[in-house]
Amino acid sequence: MKYIYPATKHFFALFVTIFITGQAFGQLMYQPYSYQFDQKLNTVEYSPKENLHTAVKPYIFGDSSAIRHAYDSLLSANTDTTGHHSWLHRALFTNHDVDVKHSDYTLYADFMADLDAGREFFDKTSIYLNSRGYQAGGTVGDNFFFYTSGYENQGKFPNYEAAYIKTTDMIPGQAYDRTFLGYNDWEFVTAMMGYRVSPKFMITLGEDKTFIGDGYRSILLSDYAAAYPQLKLTIDLGENVQYTAMWAYMEDQNAVQFDSFGNYRRKWMAFHYIDWNITNRASIGFFNAVVDEEANDQGQLHGFDANYIDPLYFSSSLGPSGSGTVPDHTLIGFNGKYKVLDKTTIYGQLLFDQSLSSVDHSSGSAWQLGVRGSDLFKVSHFNYLFEYNTAAPYTYSNQTPLLNYAEYSEPLGDPLGANFKEGVALLNYSIWKFDLQGEIDYAKYGLNIGNTNYGKELTLADNTNIPTGTAVTGQGLATTLKYAEGVVAYVINPRYNFRIEVSGLLRQEVNSQTDTKTAYIMIGLRTGFRELYHDF
């Protein structure tokens, strides 16, 4: 018998484990990520009885997943599924507008709308959101899924969001603004499809957001910025290790344009995340990201970059070299959690920006520490999260602004960018058809003064117009942000989160030059799971 070298045997065993062994896990489900929905799964996600990889979201899971039963229960909670009802009754109260279930395929579709109106009291102005859209999804066989959603939107925003939109030309976390006749106008579209090659290997492709972490914010990769094209590979290496690789294509509307068509400049990003469940209670993950420009300011293409085929560690030294070539922007980080009690989990993140240029007086780092749990004070469905986030000045920036860690100039980490300290507290309570959420944020950060770059804005070069001396978090125009928001929702149909919602917000951003106050109340009909961020 021919001798097989040990390394060859190990590789063959790994290949069999990933691609061949195991049976199908049943039809797949893709759940768009939102914190408000995700926290309802706390008791399963963070149970010491389970050994789940919880960091990478949105989740894709099959019938046998530990999450599936809890997920199905949420989508049918407090609905009357008995008796024979009309299609209109089912569409409004218990089911999708279109819902086809077959042994070989499934299909669902819904009309989506956000119709909100309110009043901002300090500026004495009316505000509103008018969105019309759709969502559709389904499966073919046991191993293929697809999902898409789209919204056409118009709105008028309170003072601080209007100022943000005017500065960035972006609707926060949604899309670029196409202001028309005095109101904001934008589109938001996602589309994903995936194929399970084997029970341990998944490929997904499309345009959406990805979140890495166990908290509300993420300093590694958050869902704050707009959606982007992405290709993702997820591989389970045995029972306790999960490897995720993602390649993304992003844009920057502020970068110098070199073509005659006026297209936004583009950049490539790649991400690795390796998650190891040490025990059912403890896990640690390694994160790695690289950013490079598609072409430089003169239109010269970046060229082949070995980082994009490197399966483990990105390094700027692996990128192409030569005249006009800009070094890659690389970041590394860690994510961890520990389930200290049956319903309480401590989590944290640490990030190092490896590509700071001449800003050797800045640490180029960020970190997070938080605690989350469920059934607070032994009250069922009363969930909580308390979190602290901070990022040193110039973190996520680069000497070439196009290579900043942002999509459409919006941070891919915390919405506050860098040069900040932030505390966040969230309480969620669900009872019968009611969902209640309360949030308090308190942050301190330093804004730029004149043309001096103090390190908060990711879109600025990190080696131009910077102050001398050691960088300190909060340097610049010392600013304090106070934020409180409460939401009460009555869920009419949990299948597509159709609800009546009332929300109230108080916000103050104050420094020695300005004092911006905001207070508003909004009421309306809402649908869907997309996250609309106001807490920045």
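In case you missed it, the structure is sitting above this.
Attention in this report is confined to the structure presented alongside it. Here the structure is a predicted model, which means the values were calculated and not measured.

Counting its secondary structure elements, the protein chain contains six helices and 27 strands. By the compact-globule yardstick of 24 Å for 536 residues, the protein chain fits well, its C-alpha radius of gyration being 24 Å. In terms of overall dimensions, the protein chain has a C-alpha envelope of 80 × 70 × 50 Å along the principal axes. Counting every position in the protein chain, which comprises 536 residues, the buried fraction comes to 54%. When the accessible area of the protein chain is evaluated, it comes to approximately 23400 Å², of which 62% is carbon and sulfur surface. Looking at charge distribution, the protein chain has the averaged site of its 39 positive side-chain charges lying 6 Å from that of its 58 negative ones.

Within this structure, the stated rule accounts for 30 aromatic pairs. Relative to Phe145, the ring of Tyr30 lies with its centre 5.4 Å away and its plane at 10°, an arrangement referred to as stacked. In this pair, Tyr30 sits in strand 1 (residues 29-31) while Phe145 sits in strand 7 (residues 144-156), placing the two residues 115 residues apart along the sequence. For Phe145, a relative accessible area of 1% gives the class buried. Aromatic ring contacts, followed pair by pair, group Tyr35, Tyr160, Tyr164, Tyr216, Tyr224, Tyr533 and Phe536 into a single cluster. Above the ring of Trp432, the side-chain terminus of Lys433 is found at 5.9 Å from the ring centroid.

Now for a nonpolar patch on the surface. Taken together, Leu115, Phe121, Ile431, Trp432, Phe434, Leu436, Val488, Ile500, Val502, Ile521, Ile523 and Leu525 make up a surface patch of nonpolar side chains, about 1000 Å² in accessible area. Broken down by secondary-structure element, the contributors of at least two residues to the nonpolar patch are strand 24 (434-447), strand 26 (498-510) and strand 27 (515-526). With three residues, the single largest contributor to the nonpolar patch is strand 27. Within the secondary structure layout, Ile500 lies in strand 26. Assessed through its relative accessible area of 37%, Ile500 is described here as partly exposed.

Scoring rules and cut-offs
- Residues numbered from 1 in each chain as written.
- Predicted model: local features only at pLDDT ≥ 70, side-chain atom pairs only at ≥ 80, totals over all residues.
- Heavy atoms only, no water.
- Helix = DSSP H or I, 4+ residues; strand = E, 2+ residues; numbered from the N terminus.
- Rg over C-alpha atoms; globule rule 2.2 N^0.38 Å.
- Buried < 20%, exposed > 50% of the residue type's maximum accessible area, 1.4 Å probe, protein only.
- Areas by Shrake-Rupley, 256 points an atom, 1.4 Å probe, with all protein chains shown as cover.
- Lys, Arg positive; Asp, Glu negative; His and termini not counted.
- Charge placed at Lys NZ, Arg CZ, Asp CG, Glu CD.
- Phe/Tyr/Trp six-rings, centres within 6.5 Å; stacked < 30°, edge-to-face > 60°.
- Lys NZ or Arg CZ within 6 Å of the ring centre and 35° of its normal.
- Patch = residues over 30% accessible without salt bridge, like charges linked within 9 Å, V, L, I, M, F, W, Y side chains within 5 Å.
- Salt bridge = Lys/Arg side-chain N within 4 Å of Asp/Glu carboxyl O.

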